[in-house]
Amino acid sequence: MAINWFKYSSPASFYSLAGKMIPFFTVIAIILLAAGLYVGFFVAPTDFQQGEAYRIIFIHVPAAWMSMFLYVVMAFWAGIGLAFNTRLSAMFASAIAPTGAMFTFIALWTGSLWGKPMWGTWWVWDARLTSELILLFLYIGFMSLQAAIDDPRRADKAGAIIALVGVVNIPIIYFSVQWWNTLHQGASVSVNQAPSMATTMLAGMLIMVFASWMYSIAVILKRTRIIILERESHTAWVAGLQKKGTVS
Amino acid sequence: MLIWIIKRDLLLAVRRQSDVLTTLFFFIIVVSLFPLSVGPEMNLLRTMAPGIVWVAALLASMLSLGRMFSNDYIDGTLEQMLLSPQSLSLLVLGKALAHWLVTGIPLVLMAPVLGIQYDLPGDALAILTISLLLGTPVLSLIGAIGAALTLGLRGGGVLVSLLVLPLYIPILIFGAGAVEASMAGVGFDAHLSLIGAFLLVSLVFAPWAAASSLKVSLE
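None of these values were measured; they are calculated from a predicted model.

## A look at the packing of helix H3 (residues 42-63) of chain B against helix H8 (residues 156-184) of chain B
All names here are of chain B.
Step number 1: Following both chains from N to C, one finds H3 and H8 inclined at 150 degrees, their axes separated by 9 Å at the closest point. Taken together, the axis directions place H3 and H8 in an arrangement best described as roughly antiparallel. Read as a crossing pair, H3 and H8 show a hand that is right-handed. For the pair formed by H3 and H8, the contact residues are Arg46, Thr47, Pro50, Gly51, Trp54, Val55, Leu58, Ser61 and Met62 on the first element and Ser161, Leu165, Tyr168, Ile171, Leu172, Gly175, Ala176, Val179, Glu180 and Met183 on the second.
Step number 2: Class assignment for the residues of the contact of H3 with H8 results in 12 nonpolar, 5 polar and 2 charged.

Structure below.
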């Protein structure tokens, strides 16, 4: 039996599908989060070099991965929306941006908290930190461009173009920052030594990565639902939902 | 078409010379503010000079981006240009090149004088000028995308800086890096080659992206 995937590219049918999916992903996210934090704080051994402070890795690394991954996903959906003129893809891209920006901020924040005990300073102009900061700027640029445009169709398309330009530039920015860093900085602080991890540490980190995934999916679906309601408030099916009292 | 649009924009710029001079003097003032803020210590200033001149060039080029499309947008010329059968990318390329001739070239010509104020040695001055000559067209081309996207928006001037400045970072790194490398006595060819590569890539892709942005903005 062929599944008609295009059915769910209509905001109305996606709205109810997302409503069914959200509780599922929320529950998995909570379970994984609890398991990941338990493994991270109680099971994983203390690092012989970094002591207890290394445990911030269980938040920091998943946040950093998600921040980069979500930008690519956002640009992908924005590009789909631009190419095929599908409204839902563009709404989905706008829903991803705040979560991506939040993970970028968390990665920078926890990185700074981690840097203080390890390197004795809150901030170093290391290649990774700097490119993560620039990624935050790209997210903020995307969101403020969309916020400044009143017409939602124009906001979608303009946001899609800047997201795609950003995604083309990310590797260029990353490598130029890396080169700049190696030219300027002595080897006083090195983040590039990756000591081999204990299996439980790795397991805890991977569980946390999956927890972040599930959390992102749940929150993005929820936000997409709200954007759909906002944009489609003039339609009959939203009015029907209001009558039934499922939407206040 | 390309020549025509460049000639037209240059003519408009000549008729309103104050716009060109404002950008140039902004550049000069920003560069002159730094010794006042960090002190007249010559050794410090010499090491900071490439970065300061490049950041000032970035800001000056960005501030003048608003003029690239907005006047034509207000009087309706841009809409007519969009309706014409000519390629829109070519038109954007012409406008970006005109923007570079009007704002970039004066900065390039002024940079050695400002470099002397910072006591840069002769060959570093030459590299600074060459890096600006190669880099400022990239600023105009990338800026065209930002200018097209923010056309007619409230607070467009501040918004364009949020969009465009992160994309300028690689040019800044290699532009200032080339001068620093030549001062440190290391090879600077790689930096200049990379700026040249950015120039070629943005010559191909930026007009296209800016043209689609214009279509979005004028829908």
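Let's pick the thread back up.
## Let's talk about unusual backbone geometry
Backbone geometry follows two general trends: most residues other than glycine have a negative phi, and most peptide bonds adopt the trans configuration.
Step number 1: One non-glycine residue with positive phi stands out, namely Asn85 of chain A, at about 60 degrees.
Step number 2: By the element assignment, Asn85 of chain A lies in the loop between helix H2 (57-84) and helix H3 (87-119).
Step number 3: Positive phi, close to 60 degrees, is recorded for Asp119 of chain B, a residue that is not glycine.
Step number 4: Note that Asp119 of chain B resides in the loop between helix H6 (88-117) and helix H7 (122-149).
Step number 5: Here Asp119 of chain B falls in the partly exposed class, since its relative accessible area comes to 35%.

## Points about the interface of chain B and chain A
Step number 1: On the chain A side, the residues contacting the 26 residues of chain B number 26 residues.
Step number 2: Between chain B and chain A, a total of about 2300 Å² is buried, with carbon and sulfur atoms accounting for 76% of that surface.
Step number 3: Counting every contact that joins chain B to chain A gives 0 salt bridges.
Step number 4: Linking chain B to chain A there are 3 residue pairs in polar contact (both at pLDDT 80 or more).
Step number 5: Elements that contribute at least two residues to the side of chain B that touches chain A include exactly H7, H8 and helix H9 (189-217) of chain B.

## As for the confidence of the model for chain B
Residues and elements named next belong to chain B.
Step number 1: Within chain B, residue pLDDT values average 90, and 100% of them lie at 70 or more.
Step number 2: Taking the mean pLDDT of every element in chain B, the minimum, 87, falls on helix H4 (residues 66-74) and the maximum, 94, on H7.
Step number 3: If you check the scores for this complex, the pTM reads 0.88 and the ipTM reads 0.87.

## Focus: the environment of Val158 of chain B
Step number 1: The residue Val158 of chain B is located in helix H8 in this model.
Step number 2: A residue is classified by how much of its surface remains accessible, and Val158 of chain B, at 61% relative accessible area, is exposed.

## Examining the pattern of salt bridges
Step number 1: Within the structure shown, the criterion is met by 10 salt bridges over all chains.
Step number 2: The residue Arg8 of chain B makes a salt bridge to Asp9 of chain B at a minimum N-O spacing of 2.9 Å.

## Overview of the nonpolar core
Step number 1: Residues Met74 and Leu145 of chain A together with Phe27 and Phe69 of chain B are the most contacted members of the largest nonpolar core, which totals 124 residues.
Step number 2: In terms of residues, this core owes the most to one element, H7 of chain B, which gives 14 residues.
Step number 3: Ala44, Trp114, Met201 and Met205 of chain A belong to the second-largest nonpolar core, a separate cluster that totals 10 residues.

## Some remarks on the packing of aromatic side chains
Residues and elements named next belong to chain A.
Step number 1: Following the criterion strictly, the structure yields 13 aromatic pairs over all chains and no others.
Step number 2: Ring geometry for Tyr71 versus Tyr139: centroids 5.2 Å apart, planes at 75 degrees, classification edge-to-face. Residue Tyr71 is located in helix H2, and its partner Tyr139 is located in helix H4 (residues 127-148); the two are separated by 68 residues in the primary sequence.
Step number 3: Residue class for Tyr71 comes out buried when judged on its relative accessible area of 1%.
Step number 4: According to the relative accessible area criterion, Tyr139 is buried, its value standing at 0%.
Step number 5: Pairwise contacts between aromatic rings join Phe14, Phe76, Trp77 and Phe92 into one cluster.
Step number 6: The side chain of Arg225 reaches across the aromatic face of Tyr15, ending 4.1 Å from its centre.

Cut-off values and rules
- Residues numbered from 1 in each chain as written.
- Chains lettered and ligands numbered in written order.
- Predicted model: local features only at pLDDT ≥ 70, side-chain atom pairs only at ≥ 80, totals over all residues.
- Heavy atoms only, no water.
- Axes fitted to C-alpha atoms, helices over the stretch in contact; angles between N-to-C directions.
- Helix = DSSP H or I, 4+ residues; strand = E, 2+ residues; numbered from the N terminus.
- Parallel < 35°, antiparallel > 145°, perpendicular 65-115°, else oblique.
- Left-handed = near helix turned anticlockwise from the far one by under 90°.
- Contact = heavy atoms within 4.5 Å.
- Nonpolar A, V, L, I, M, F, W, Y, C, P; charged D, E, K, R; others polar.
- Buried < 20%, exposed > 50% of the residue type's maximum accessible area, 1.4 Å probe, protein only.
- Buried area = accessible area lost by both parts, 1.4 Å probe.
- Salt bridge = Lys/Arg side-chain N within 4 Å of Asp/Glu carboxyl O.
- Polar contact = N/O pair within 3.5 Å; in protein donor to acceptor, adjacent residues only side chain to side chain.
- pLDDT = per-residue confidence, 0-100.
- Core = buried A, V, L, I, M, F, W, Y, C linked by side-chain atoms within 4.5 Å.
- Phe/Tyr/Trp six-rings, centres within 6.5 Å; stacked < 30°, edge-to-face > 60°.
- Lys NZ or Arg CZ within 6 Å of the ring centre and 35° of its normal.

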